[in-house]
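The chain contents come next:
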Amino acid sequence: TNELVHFPDITAPGAWNVVAGGTASFYAGDFLLGDFSQLYIIDDVNNFFTLDTATGMQTAIGTSTPVGAESWTGMTGAADGTLYASSAACGVSSTLYTIDPGSGAASPIGPITGATCIIDIAINPAGEMYGVDIVTDTLFMIDPSTGTAGPIGSTGIDANYAQGMDFDDVSGTLYWASFNNGAFLGEMRVLD
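Note that the structure is a prediction, hence the values are computed from the model and not measured.

Caption draft 1: Region of interest: the sheet that holds strand β10 (residues 106-111). Ordered in space as β7-β8-β9-β10, the 4 strands form an open sheet in which the pairing is antiparallel. Both edges of this open sheet fall to β7 (71-77) and β10, since each of them pairs with a single strand only. Adjacent strand axes in the sheet meet at a mean angle of 30° when their direction is disregarded.

Here it is as structure tokens:
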């Protein structure tokens, strides 16, 4: 999306409050260390920046470049302050990285094994990382230190296009903003 939207009540958002508009395509983003005043983002041309959630103002930090022909697909901030990102060349490969929040420098950790199109990643406070692969429609558990991944199970839908996911750190629930290709609808789901 290219608009920063505030949801007054996530369970029943009612009317959206558009904070700022724009034309950029955001490919990956997340908050870090519980600071919801700024969102770290990588856009479609590998610019890394923060976005002020109150004003929509963007502050350039640097450039984050994925490996080979891959494009950015997801980002997640760990409880220890590590910022992780994923990239993919769908049907070919997926890679896990750390991103330096001060410079935007992307450091590859390794290939995300067995998953050729990880579309987003999420990490819980215990340091357990998960990702959804939209080629196999499978939820994977990913070792954040190596990128080694193992399948958890089917998502139950034909997922396609951009996806988003994040943990509720209090309840432990993994929420998934999915696009169900079979129904051709965006859907909010919970992944077990």
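Moving on, there is more to tell.
Caption draft 2: Inspection of the side chain of D137 at higher detail. By the secondary structure assignment, D137 is in the loop between β12 (129-133) and β13 (138-142). For D137, which is buried and forms no salt bridge, the nearest opposite charge comes from R189, at a distance of 10 Å. Looking at D137, its side chain comes within polar contact range of the main-chain nitrogen of A159, at 2.9 Å.

Caption draft 3: Representation of the sheet that holds strand β3 (residues 26-32). Sheet architecture is open: 4 strands sit in the order β3-β4-β5-β6, paired in antiparallel fashion. At either end of the open sheet lies a strand with only one pairing partner, and these are β3 and β6 (58-63). Adjacent strand axes in the sheet meet at a mean angle of 25°, parallel and antiparallel pairs treated alike. Pairing analysis gives 5 bridges linking strand β5 (residues 47-52) to β6, with the strands arranged antiparallel.

Caption draft 4: Spatial organisation of the pattern of salt bridges. Enumeration over the complete set of coordinates arrives at 1 salt bridge. Residues E187 and R189 are paired through a salt bridge, measuring 2.9 Å at the closest nitrogen-oxygen approach. Judged by its relative accessible area of 21%, E187 is partly exposed.

Caption draft 5: Here's a closer look at the packing of aromatic side chains. Under the definition given, this model contains 8 aromatic pairs. Ring geometry for F31 against F36: centres 5.0 Å apart, planes inclined by 70°, an arrangement best described as edge-to-face. The exposure class assigned to F31 is partly exposed, which follows from its relative accessible area of 25%. What makes F36 exposed here is its relative accessible area of 57%. Among the aromatic residues, ring-to-ring pairing joins Y161, F179 and F184 into one connected group.

What counts, and where the lines are drawn
Residues numbered from 1 in each chain as written. Predicted model: local features only at pLDDT ≥ 70, side-chain atom pairs only at ≥ 80, totals over all residues. Heavy atoms only, no water. Pairing = 2+ DSSP bridges. Helix = DSSP H or I, 4+ residues; strand = E, 2+ residues; numbered from the N terminus. Axes fitted to C-alpha atoms, helices over the stretch in contact; angles between N-to-C directions. Buried < 20%, exposed > 50% of the residue type's maximum accessible area, 1.4 Å probe, protein only. Lys, Arg positive; Asp, Glu negative; His and termini not counted. Salt bridge = Lys/Arg side-chain N within 4 Å of Asp/Glu carboxyl O. Polar contact = N/O pair within 3.5 Å; in protein donor to acceptor, adjacent residues only side chain to side chain. Phe/Tyr/Trp six-rings, centres within 6.5 Å; stacked < 30°, edge-to-face > 60°.

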